[in-house]
Amino acid sequence: MDDETALRQDVIATALAMNAAGINRGKSGNVSARLTRVGFDGFLVTPTGLPYAKLAPGDIVAMTLDGQAQGSRLPSSEWRFHRDIYRQRSDAHAIVHTHSPFATSLACLSRGIPAFHYMVAVAGGADIRCAPYATFGTQALSDHALIALRDRRACLLANHGAIVLAASLEHALALAVEVETLAEMYWRVLQVGEPVVLPEAEMRVVIEKFATYGQPGSRD
Ligand SMILES: [Zn+2]
């Protein structure tokens, strides 16, 4: 099997694992991986409208960084933010987008996740921001997401879901699970009261330790 076919299979495996992990239901989420080969600079992304369980490597859509799709399938309707993240973020080699229930619940309140727990630093900073609402699939949504992802590997999307980026599909899936776990814990805390938020200086210490020890979603 060649490298590209293997990567196509990894994209499918990640999409299936996302649903098995309970962070996505049905076909609402999507997965992509950067693909660079001779004469091609772009990414592979899950197609629109096909159940993950029925996907074959040939169904995964290759898109250039100019947004041109190749092959017989149509890309996910959310291809724009995948494309724009790969264009702007050299640290992004894989992206997972979900409508995971707790992250999406917070996003429906336009609430990001503050440093209520030190693991928030796994997304790269002292908080996980929530990007303002825009219609799915639009350039406006992509623009909002890119801003919310500045110096971060994860963000929420108001009234929509969450995006994570990472150095590999494996790390992106792990980070998506971590973000959903944090969102659930924060949601539970909010049922009782307002959490104690860790100071910026402490979060900087945690971020430094993560850089040394390597946490889910961090670079290899
Ligand atoms: Zn979506």
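Preceding this section is the structure that the text describes.
Let me begin by describing the structure that accompanies this report.

Cut-offs applied
Throughout this document, residue positions are counted from 1 along each chain, in the order its sequence is written. Local features are withheld for residues below a pLDDT of 70 in this predicted model, meaning they are given only at 70 or higher, and side-chain atom pairs are given and counted only at 80 or more; totals for whole chains, interfaces and linings count all residues. Neither water nor hydrogens contribute to the side-chain values; these are computed over all heavy atoms in the structure. Here a strand is any run of E in DSSP of at least two residues, a helix any run of H or I of at least four, and the numbering for each starts at the N terminus. Expected helix span is computed as 1.5 Å times (number of residues minus one). Throughout this description, buried means an accessible area under 20% of the type-specific maximum (1.4 Å probe, protein chains only), exposed means over 50%, and partly exposed covers the range between. The directions from the helix axis to the C-beta atoms form the arc being described. Strands are labelled as partners when DSSP assigns at least two bridges between them. The contact criterion used is simple: two residues touch if any of their non-hydrogen atoms lie within 4.5 Å. Orientation is described by lines fitted to C-alpha atoms, with helices fitted over the stretch in contact, and by angles between N-to-C directions that extend from 0 to 180 degrees. Because no water is among the atoms considered, metal sites can look incomplete, with donors defined as N, O and S atoms within 2.8 Å of the metal, or 3.2 Å for Na, K and Ca.

**Side note on helix H1 (residues 3–20)**
Step number 1: End to end, H1 covers 25 Å across 18 residues, agreeing with the expected 26 Å (1.5 Å per residue, within 8%).
Step number 2: Listing the buried residues of H1 in full gives Glu 4, Leu 7, Arg 8, Val 11, Ile 12, Thr 14, Ala 15 and Met 18. Around the axis of H1, the buried residues are gathered within 155° of arc, so they sit on the same side. For H1, the exposed residues lying more than 90 degrees away from the buried face are Asp 3 and Ala 20.

**Describing the sheet that holds strand E8 (residues 161–166)**
Step number 1: Taken in spatial order, the eight strands make up an open sheet running E4-E3-E2-E1-E5-E8-E7-E6, and their pairing is mixed. The strands lining the two open edges of the sheet, one partner per strand, are strand E4 (69–70) and strand E6 (130–131).
Step number 2: Pairing geometry for E6 and strand E7 (residues 154–157), over two bridges, is parallel. Bridge assignment links Ala 131 to a residue of E7, and that residue is Leu 157.
Step number 3: Of the strands in this sheet, E6, E7 and E8 touch helix H4 (residues 139–148), which is tilted by about 140° from E7.
Step number 4: Taken strand by strand, helix H5 (residues 169–192) contacts strand E1 (30–37), strand E5 (94–98), E7 and E8, and its axis lies near 145° from that of E8.

**Notes on the coordination of the zinc ion**
Step number 1: Around the zinc ion, the protein contributes the donor atoms His 97 (NE2), His 99 (NE2) and His 160 (NE2), at 2.1 to 2.2 Å from the metal centre.
Step number 2: Here the donor residues for the zinc ion map to a single chain with the spacing H-x1-H-x60-H.
Step number 3: A relative accessible area of 0% places His 97 in the buried class.

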